[in-house]
Amino acid sequence: MNPTATAPEITSAPTEREGTPAIRVGSTASTDGAMVAIDPVIQLRDVSFYYNAFRAVKNITIDVPTHQITALIGPSGCGKSTLLRTINRMNDLIPGTRVEGSVTFHDEDIYASYVDAVEVRRRIGMVFQKANPFPKSIYDNVAFGPRLNGYKGDLPALVESSLKRAAIWDEVKDKLKQSGLSLSGGQQQRLCIARAIATEPEVILMDEPCSALDPRATLQIEELMAQLKENFTIVIVTHNMQQAARASDRTVFLNMADDRAGYVVEQAPTIEIFTNPKNQMTEDYVSGRFG
Ligand code: ADP
């Protein structure tokens, strides 16, 4: 895939790129279904992640296809959230952590020394398990990121379009000055999605975004995800198998090895994982026999 003219620039100092090593790509031999994705926007190659001496995930090779929803599933503690956070350098904020292997965004190594981690997080946004609006007005929650980035355009229009794209505009348009914390849990999560969208990311990472929501609010978020993938690429961690089956296009199943490091057992189009898995362990997991 060639980076296009619209591909984002994540380097803080492009001129420093000369002489940097070629992007490391892992083995093309794959037994778990990796590297079959068409037009991947993000590629992980042989990624391991350490919290001090503890390796939480190991040898992860995944392609994240553009404008699709990729679900990461697996038993609690197998490293799904950790893996998600390696995709936008969110783990950098945790002391004593280390990444091995390569994570590329439009073929650019996001961990290269010349890359600006803040810009990576702007281009690859994140929505968390528990909705976390700032204790500010609904408007200011959405305007926060653009203001921080020195947005020079029409801010009220950007706030409105972000709230519309997050399918919450109609519910909040008459109370933009009210606190974001006054909203219901499902509305708060959609507000957080609007906040993530407002900085115009290309990829949105979602870490169990519905785990604190009731079934109705969960379905609203799933419907929203289906709309959002027209414009964004989504990677979601979910412990809800029905959600992965309903909402995602591609599923990556992780499990924990004897050393407690998470690894990819199988990855494939979601329909295959749920109806015709190649690995017995996948079948056991998706049919609820463990985890
Ligand atoms: P999952 O999302 O699949 O439940 P996590 O990514 O949260 O798994 O955790 C994977 C492993 O990494 C677990 O053993 C967990 O205890 C460990 N871990 C997660 N966060 C930290 C941290 N900040 N410091 C040390 N260990 C952590």
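As the structure is a prediction and not an experimental result, all values here were calculated from the model. (Residues numbered from 1 in each chain as written. Predicted model: local features only at pLDDT ≥ 70, side-chain atom pairs only at ≥ 80, totals over all residues.)

**Describing the site of the ligand**
Our working definition: By convention here, the C-beta atom is placed from the backbone, and a residue is near a molecule or strand when that atom is within 6 Å of it. Helix and strand definitions here come from DSSP, where helices need a minimum of 4 consecutive H or I residues and strands a minimum of 2 consecutive E residues; each element is numbered from the N-terminal end. As a working rule, the residues Ala, Val, Leu, Ile, Met, Phe, Trp, Tyr, Cys and Pro are called nonpolar, Asp, Glu, Lys and Arg charged, and the rest polar, with Gly in that last group.
Taken together, Y51, A56, G74, S76, G77, C78, G79, K80, S81, T82, I94 and R260 are the residues near the ligand. A per-element tally of the shell around the ligand places helix α1 (residues 80-86) first, with three residues. When its residues are assigned to classes, the shell around the ligand shows four nonpolar, six polar and two charged.

**Some points on the confidence of the model for the protein**
Put simply, the rule is: Confidence of the predictor at the level of single residues is captured by pLDDT, which takes values from 0 to 100. Residue pairs qualify as contacts under a 7 Å threshold applied to their C-beta atoms, which are placed from the backbone.
Across the protein, pLDDT averages 89, with 87% of residues at or above 70. pLDDT under 50 marks residues 1-6. Its contacts with residues more than four places away, or in other chains, come to five contacts. The low-confidence segment residues 12-29, where pLDDT is below 50, has 22 contacts with residues more than four positions distant or belonging to other chains.

**Topic: the environment of G101**
By the element assignment, G101 lies in strand β4 (residues 97-105). The spacing of G101 and T61 is 40 residues in sequence and 9.1 Å in space, taken between C-alpha atoms.

**Some words on the pairing of strand β3 (residues 69-73)**
The test is simple: Here exposure depends only on C-beta density: within 10 Å of a residue's C-beta, 20 or more other C-beta atoms make it buried, 12 or fewer make it exposed, and intermediate numbers make it partly exposed, the C-beta atoms being placed from the backbone. Should DSSP find at least two bridges between two strands, the strands are taken to pair.
A large share of β3 lies buried, amounting to five of its five residues. Sheet topology places β3 next to strand β8 (residues 233-237); four bridges connect them, and they run parallel. Each residue of the ladder has a partner; that of I69, found in β8, is I234. Sheet topology note: the β3/strand β9 (residues 250-256) ladder contains four bridges and is parallel. Considered in β9, the bridge of A71 is made with T251.

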